[in-house]
Amino acid sequence: GGLTLYMAEPSDIVLIAATGAESLTDEIGGILGIPPAAIDAEDADGETHLRLPCNVRLRDTYVVACLGGAGVNRFFVELSLIVSGLRRASAARITAVLPYYAYGRQARKHTSRVPISAADVASLLEEMGVDGVLTLDLHKEEIAGFFSPRCHFASASCQPAAARYLHTQRQLRRPVVVAPHASGVTLAKAFFDSLAELHASGDGGSRFASPRAGAAPTLAMLLPHKASGSERRHLELIGEVRGQDAIIVDDIIDSGKTIARCSEALLEAGAARVFAVATHGIFSEESLRIIAVSDVTTVVATNSVPFSVPRDHPVRRKLVVLSAAPVLAHQVAKLARLPPPSLDQMAATFPMTGSFFDQRRSRQLGRSSSSGVVSPLRERAQALHLRAYQEEIGVGGAEGNISDEAEMGSEGSRDADRDADLHADLEACMVDLASCSGPPRSAHDLASLSSG
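All figures in this text were calculated on a predicted structure; none of them were measured in a lab. (Residues numbered from 1 in each chain as written. Predicted model: local features only at pLDDT ≥ 70, side-chain atom pairs only at ≥ 80, totals over all residues. Heavy atoms only, no water.)

(A) Representation of unusual backbone geometry. Unlike most non-glycine residues, Asp-137 shows phi in positive territory, near 40°. For Asp-137, the location among the structural elements is in the loop between strand 7 (132–136) and strand 8 (152–156). Of note, the phi angle at Arg-174 is positive, near 45°, even though the residue is not glycine. According to the relative accessible area criterion, Arg-174 is partly exposed, its value standing at 40%. (Helix = DSSP H or I, 4+ residues; strand = E, 2+ residues; numbered from the N terminus. Buried < 20%, exposed > 50% of the residue type's maximum accessible area, 1.4 Å probe, protein only.)

And the structure:
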């Protein structure tokens, strides 16, 4: 007579990658234990021709599409054709997984004779026939109200993962979370809450954690202010940052000018270091050059929007890319009634250092895997890379945390030997992977090889 909750099996779920989302979909599928399927799409005379990769009849289907960057309109048309094909193939339920909600910055009429594009995108998605939409860190929370009750809408946040990364991987000194503008206070407060919780609990696996971990984080805000008789707008600081590590929190990095202006203003106000955190890295036009020459120490973003960085670009020293896959996989598991994986077990803050989303390389590895040669090597690379991360933060069976050289003491030689052995394994695995699908790559790019 009791209520029985049906839990789905991974075999009941179909996970489809649209063009440009293959790498992220592979990571989501790896977490959930669902083999992802890539759309077979061809462009002929400017038109997209595609075919669904598998049988979807009466199955719960999730389409991952990265609608961002220069190809947003083409990707949006492809998504509409995929959804149409799924409807005609009798899919039971269709959920569009959109890590970045396109046109989200156009959520209101700021002048006459302009559309509310964010609302129009919501209408188009419903007209396509999607039953639900899953996204990350909306630019404007009112976008959720543009969808009718018929279409389930969910927005998750990557801010806790970014907070955990900075807490564990950077020796923050008296951190202060800074909203770069008035509309960013809500997001900055969410990041502040996550960082404060980690500080209070001493959690996060920080190699710098100690009973004297430092002062609790604080909040500040920058507001544009136009001085009397001046044409230049200045940034007015509300709060105190002197001698503290400032963390600029925003949802999108586009031109990079906001980060450059804010970091300059914060350093002038006496900040010790400046970090920047954003969920969506669009990095348009000259943004990478602007960030590279700015005063910011580290920029943390996710792979919600695919982008590429030249090998020799100086911004690579500042840019850290976190995977959005654990957060999305956790949400998909809840929607699909799968046993939800633990965010801690998935290493939500696993930094994909050096992985700048070379999509051609990812697709090449994906095609080679059908022969059965590359897949075991990729699994081995992922295991080795995860082991390196676990040993760094002191989890997963490691004897202890890897400390700075000054703190290594008598155990320094043992740690050095262990690091050398691990590096040799990574190099060997990298050579094996490269021999299957192209010229050798450096160990610095192993992450992009293993995440394909």
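Picking up after the structure, the text goes on.
(B) Quick peek at the packing of helix 1 (residues 22–32) against helix 8 (residues 325–335). Where helix 1 contacts helix 8, the two axes come as close as 9 Å, and the packing angle between them is 55°. Classed by the angle they form, the pair helix 1 and helix 8 counts as oblique. Here the hand of the crossing between helix 1 and helix 8 comes out right-handed. Of the residues in helix 8, those touching helix 1 at Leu-24, Glu-27, Ile-28, Ile-31 and Leu-32 are Ala-325, Pro-326, Leu-328, Ala-329, Val-332 and Ala-333. Counted by class, the contact of helix 1 with helix 8 contains ten nonpolar, no polar and one charged residues. (Axes fitted to C-alpha atoms, helices over the stretch in contact; angles between N-to-C directions. Parallel < 35°, antiparallel > 145°, perpendicular 65-115°, else oblique. Left-handed = near helix turned anticlockwise from the far one by under 90°. Contact = heavy atoms within 4.5 Å. Nonpolar A, V, L, I, M, F, W, Y, C, P; charged D, E, K, R; others polar.)

(C) A look at the confidence of the model for the protein chain. Per-residue pLDDT for the protein chain averages 77, and the proportion of residues at 70 or more is 69%. The least confident element of the protein chain, judged by mean pLDDT, is helix 9 (residues 359–368) at 37; the most confident is strand 6 (residues 93–98) at 97. Confidence drops under a pLDDT of 50 for residues 388–412, and excluding neighbours within four residues, the segment shows 34 contacts in the predicted structure. Taken as a whole, residues 426–452 scores under 50 in pLDDT and shows 67 contacts with residues more than four places along the chain or in a different chain. (pLDDT = per-residue confidence, 0-100.)

(D) How the structure looks around the packing of aromatic side chains. Enumeration according to the criterion identifies three aromatic pairs in this entry. Between Tyr-101 and Phe-147, the aromatic rings sit 6.3 Å apart at their centres with planes inclined by 75°, giving edge-to-face as the arrangement. Taken together, the residues Tyr-101 in the loop between strand 6 and helix 3 (117–128) and Phe-147 in the loop between strand 7 and strand 8 connect sequence positions 46 residues apart. Each member of the pair, Tyr-101 together with Phe-147, is buried. (Phe/Tyr/Trp six-rings, centres within 6.5 Å; stacked < 30°, edge-to-face > 60°.)

(E) Inspection of the packing of helix 2 (residues 72–88) against helix 3 at higher detail. Two numbers describe how helix 2 lies on helix 3: the axes approach to 9 Å, and their chain directions differ by 25°. Between helix 2 and helix 3, the crossing angle belongs to the class labelled roughly parallel. Contact residues: helix 2 offers Phe-76, Leu-79, Ser-80 and Val-83, while helix 3 offers Val-121, Leu-124, Leu-125 and Met-128. For the contact of helix 2 with helix 3, the per-class residue count stands at seven nonpolar, one polar and no charged.

(F) Region of interest: the sheet that holds strand 6. Spatial ordering of the open sheet is given by 2-1-5-6-7-8, a layout of six strands whose pairing is parallel. Both edges of this open sheet fall to strand 2 (37–38) and strand 8, since each of them pairs with a single strand only. Pairing of strand 7 with strand 8, which is carried by five bridges, proceeds in the parallel orientation. Its bridge partner being in strand 8, Thr-135 is matched across the sheet by Ser-155. Seen against the sheet, helix 8 touches strand 5 (60–64), strand 6, strand 7 and strand 8 and runs at an angle of roughly 155° to strand 7. (Pairing = 2+ DSSP bridges.)

(G) Representation of the nonpolar core within the structure. Judged by nonpolar contacts, the single largest core of 35 residues is most densely connected at Leu-67, Leu-79, Leu-86, Tyr-101, Leu-125 and Phe-147. Listing elements by their share of this core, those giving two or more residues are strand 1 (13–17), helix 2, strand 6 and helix 3. Tallying contributions element by element places helix 2 first for this core, with seven residues. Setting aside its immediate chain neighbours within four residues, Leu-79 contacts Val-63, Ala-65, Leu-67, Leu-98, Leu-125 and Met-128. Within the second largest apolar cluster, 27 residues are counted, among which are Leu-222, Ile-253, Leu-266 and Val-299. (Core = buried A, V, L, I, M, F, W, Y, C linked by side-chain atoms within 4.5 Å.)

(H) Representation of the environment of Pro-99 within the structure. Along the polypeptide, Pro-99 turns up in the loop between strand 6 and helix 3. When its relative accessible area of 0% is taken as the criterion, Pro-99 is described as buried. Taking the C-alpha atoms as reference points, Pro-99 and Thr-302, separated by 203 residues in sequence, lie 9.7 Å from one another. Sequence-distant contacts of Pro-99, that is, excluding residues within four places in its chain, are made with Leu-24, Ala-65, Cys-66, Thr-135, Leu-136, His-280, Ser-304 and Leu-328.

(I) Representation of the environment of Leu-81 within the structure. Here Leu-81 lies in helix 2. Placed 47 residues apart in sequence, Leu-81 and Met-128 show a C-alpha to C-alpha distance of 8.4 Å. When residues no more than four places from it in sequence are discounted, the contact partners of Leu-81 are Thr-48 and Leu-50.

(J) Representation of helix 6 (residues 257–268) in the model. Helix length check: helix 6, at twelve residues, gives a terminal C-alpha distance of 17 Å against a target of 16 Å (1.5 Å per residue), a fit within 8%. Turning to helix 6, its buried residues number three or more, namely Ile-259, Ala-260, Cys-262, Ser-263, Ala-265 and Leu-266. Directly beyond the C-terminal end of helix 6, a positive phi value near 105° is found at Gly-270. (Expected span 1.5 Å × (residues − 1).)

(K) Seen up close, the environment of Phe-75. With respect to the helices, strands and loops of the structure, Phe-75 is situated in helix 2. Relative accessible area serves as the criterion here: at 13%, Phe-75 is assigned to the buried category. It is 7.2 Å that separates the C-alpha atoms of Phe-75 and Thr-19, two residues lying 56 residues apart in sequence. Residue contacts for Phe-75: discarding those within four places in its chain leaves Thr-19, Cys-66, Leu-67 and Gly-68.

(L) The arrangement of helix 5 (residues 185–201) in detail. End to end, helix 5 covers 24 Å across 17 residues, agreeing with the expected 24 Å (1.5 Å per residue, within 8%). Looking one or two residues past helix 5, Gly-202 carries a phi angle of roughly 70°, positive in sign.

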